[in-house]
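Letter by letter, the chains look like this.
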Amino acid sequence: MEALVTGGAGFIGSHLVDALLERGDRVAVFDDLSTGRRENLEGAIAKGAVLLEAEITDAAAVTDVFETRRPEVVFHLAAQIDVRRSVSEPVFDLGVNVAGTLNLLEAARHTQAPRFILASTGGAIYGEGAGRPLPLDEQAECRPDAPYGQSKYAAEGYLSLYRRLYGLSAVALRLGNVYGSRQDPLGEAGVVAIFCGALLGGDTPQVFGDGHQTRDYVYVGDVVEAFLAGAESEAQGIYNIGTGVETSVLELGRLLAGACDRAFNPEMAPPRLGEVQRIAIDSALAASELGWRPRTTLEQGLRSTAASFA
């Protein structure tokens, strides 16, 4: 299969590229390397993947790669993922996450791409989970607390529109807080990378607020399997990809410290404005319609992650 992976030099995208090559697909990576790293793709390029350095906001470049490569499946992971930057630069966030997605949808429409998979967010779209019945399923009200979540929600809306208007076969995967090797500290589960760096480097980890805020941490290997399941399915719509389990920042730190064979004695810092206190997402729909379930426990995933950082 001819696959196009936007953001394929990034944390999640590079793992997806490896999996696609492993199953024999031809893979083109579309990435401007603003946050992705060329070294994440060294093994993939050696196995035949092609890296195309361009921005998804460049409509001409997007059109050119679609007309040249004619992808049979598009995995759209390229995004502005820094929540804090989305607050300080909401127009920039909008341009990348909405206008950039529209460039891809237009190119997919004109070249009649058979399948389109959008990486969305379950951690930011639903907003605050405190006072709501967790884990939240896909029918829960979306209440983004930052422009990042709002722009991803808008991108999902355009994906749905293109399904209705043009018959585009597409799914959006609302990812929990993804962690694993090659992780960037700027992402939604960046605390894992930050804690790993601090613990292994002999520094003191910093915890904002009281540390009892929770997230739904899902291992990158399981997330890659969700993308592959989405590509192979004929299902349409939106699917949560998480574990349904809440884990506090303090508990995460203790588990990660154990995996790193270090003590966890964090420095407590004031809470950050607008930070979600509780969230977890229900992936029962993905289990029933995509055949996907998380297979990696948090303890297993953190041990693997710590070993990769070490």
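Caption draft 1: Fine view of the packing of helix α5 (residues 90-111) against helix α7 (residues 147-166). Viewed as axis vectors pointing N to C, α5 and α7 meet at an angle of 20°, and their least axial separation amounts to 9 Å. The orientation of α5 with respect to α7, classified from their angle, is roughly parallel. Handedness of the α5/α7 crossing: right-handed. In this structure, α5 contributes Pro90, Asp93, Asn97, Val98, Thr101, Leu102, Leu105, Glu106 and Arg109 to the contact, and α7 contributes Pro147, Tyr148, Ser151, Ala154, Ala155, Tyr158, Leu159, Tyr162 and Tyr166. Of the residues assigned to the contact of α5 with α7, the class counts are 12 nonpolar, three polar and three charged.

Caption draft 2: Examining helix α1 (residues 11-22) more closely. A rise of 1.5 Å per residue sets the reference length of α1, with its 12 residues, at 16 Å; its end C-alpha atoms lie 17 Å apart and thus fit the reference within 8%. Where burial is concerned, most of α1 is hidden: 10 out of the 12 residues are buried. Of all the positions in α1, only Phe11, Ile12, Gly13, Ser14, His15, Leu16, Val17, Ala19, Leu20 and Leu21 are classed as buried. At the exit of α1 stands Gly24, carrying a positive phi of roughly 100°.

Caption draft 3: Local environment of the side chain of Ser169. Here Ser169 lies in the loop between α7 and β6 (170-175). The buried category is assigned to Ser169, whose relative accessible area is 16%. In this structure the side chain of Ser169 is engaged in a polar contact, spanning 3.3 Å, whose partner is the side chain of Gln236. For Ser169, the residues in contact, after removing those within four places along its chain, are Pro114, Arg115, Phe116 and Gln236.

Caption draft 4: Representation of the sheet that holds strand β2 (residues 26-30) in the model. With respect to topology, seven strands assemble into an open sheet ordered β3-β2-β1-β4-β5-β6-β11, the strand pairing being parallel. Either end of the sheet is taken by a strand with one partner, and the two such strands are β3 (50-52) and β11 (237-241). Taken pair by pair, the neighbouring strands of this sheet meet at an average axis angle of 20°, ignoring direction. Both β6 and β11 contribute to a ladder of five bridges, which runs parallel. Bridging from a neighbouring strand, Ala172 pairs with Ile238 of β11. Strand contacts of helix α3 (residues 59-69): β1 (2-6), β2, β3 and β4 (73-76), with the helix running at about 175° to β2, the strand carrying the most contacts.

Caption draft 5: Focus on the packing of aromatic side chains. Tallied over the entire structure, the rule returns four aromatic pairs. Seen from their ring centres, Phe75 and Phe227 are 6.3 Å apart, and the 75° between their planes marks the pair as edge-to-face. You can see Phe75 sitting in strand β4 and its partner Phe227 sitting in helix α9 (residues 220-232), a full 152 residues away along the chain. Neither residue differs from the other here; Phe75 and Phe227 are each classed as buried. The interplanar angle of 55° and the centroid separation of 5.6 Å between the aromatic rings of Tyr179 and Tyr219 together place this pair among those described as tilted. Note that Tyr179 is positioned in strand β7 (residues 177-179) and Tyr219 in strand β10 (residues 217-219), a separation of 40 residues in sequence. We note Arg85 situated over the ring of Phe92; from NZ or CZ to the ring centre the distance is 3.9 Å. Sitting above the plane of the Tyr166 ring, Arg109 keeps its charged end 4.3 Å from the centroid.

Caption draft 6: How the structure looks around α9. Between the first and last C-alpha of α9 there are 19 Å, a value that for 13 residues agrees with the 18 Å anticipated at 1.5 Å per step. Most of α9 sits out of view: 10 of its 13 residues are buried. Within α9, burial applies to Val220, Asp222, Val223, Val224, Ala226, Phe227, Leu228, Ala229, Gly230 and Ala231.

Caption draft 7: Layout of the nonpolar core. Counting residues in each nonpolar core, the largest one holds 58 residues, and the members touching the most others are Ile12, Leu16, Val17, Phe75, Leu173, Leu175 and Phe227. Residues Phe30, Ala61, Val65 and Leu168 belong to the second largest nonpolar core, which totals 25 residues.

Caption draft 8: Quick look at the pairing of strand β5 (residues 115-121). For β5, a buried count of seven out of seven residues is recorded, marking the element as mostly surrounded by other parts of the structure. Side chains Arg115, Ile117, Ala119 and Thr121 project from β5 onto one buried face, and the interleaved Phe116, Leu118 and Ser120 project onto a second face that is buried too. In terms of strand pairing, β4 meets β5 through four bridges, oriented parallel. Directly across from Val73, in β5, lies its bridge partner Arg115. Two strands pair when backbone bridges link them, and β5 and β6 are joined in this way by six bridges, in the parallel orientation.

Definitions and limits used
- Residues numbered from 1 in each chain as written.
- Predicted model: local features only at pLDDT ≥ 70, side-chain atom pairs only at ≥ 80, totals over all residues.
- Heavy atoms only, no water.
- Axes fitted to C-alpha atoms, helices over the stretch in contact; angles between N-to-C directions.
- Helix = DSSP H or I, 4+ residues; strand = E, 2+ residues; numbered from the N terminus.
- Parallel < 35°, antiparallel > 145°, perpendicular 65-115°, else oblique.
- Left-handed = near helix turned anticlockwise from the far one by under 90°.
- Contact = heavy atoms within 4.5 Å.
- Nonpolar A, V, L, I, M, F, W, Y, C, P; charged D, E, K, R; others polar.
- Expected span 1.5 Å × (residues − 1).
- Buried < 20%, exposed > 50% of the residue type's maximum accessible area, 1.4 Å probe, protein only.
- Polar contact = N/O pair within 3.5 Å; in protein donor to acceptor, adjacent residues only side chain to side chain.
- Pairing = 2+ DSSP bridges.
- Phe/Tyr/Trp six-rings, centres within 6.5 Å; stacked < 30°, edge-to-face > 60°.
- Lys NZ or Arg CZ within 6 Å of the ring centre and 35° of its normal.
- Core = buried A, V, L, I, M, F, W, Y, C linked by side-chain atoms within 4.5 Å.

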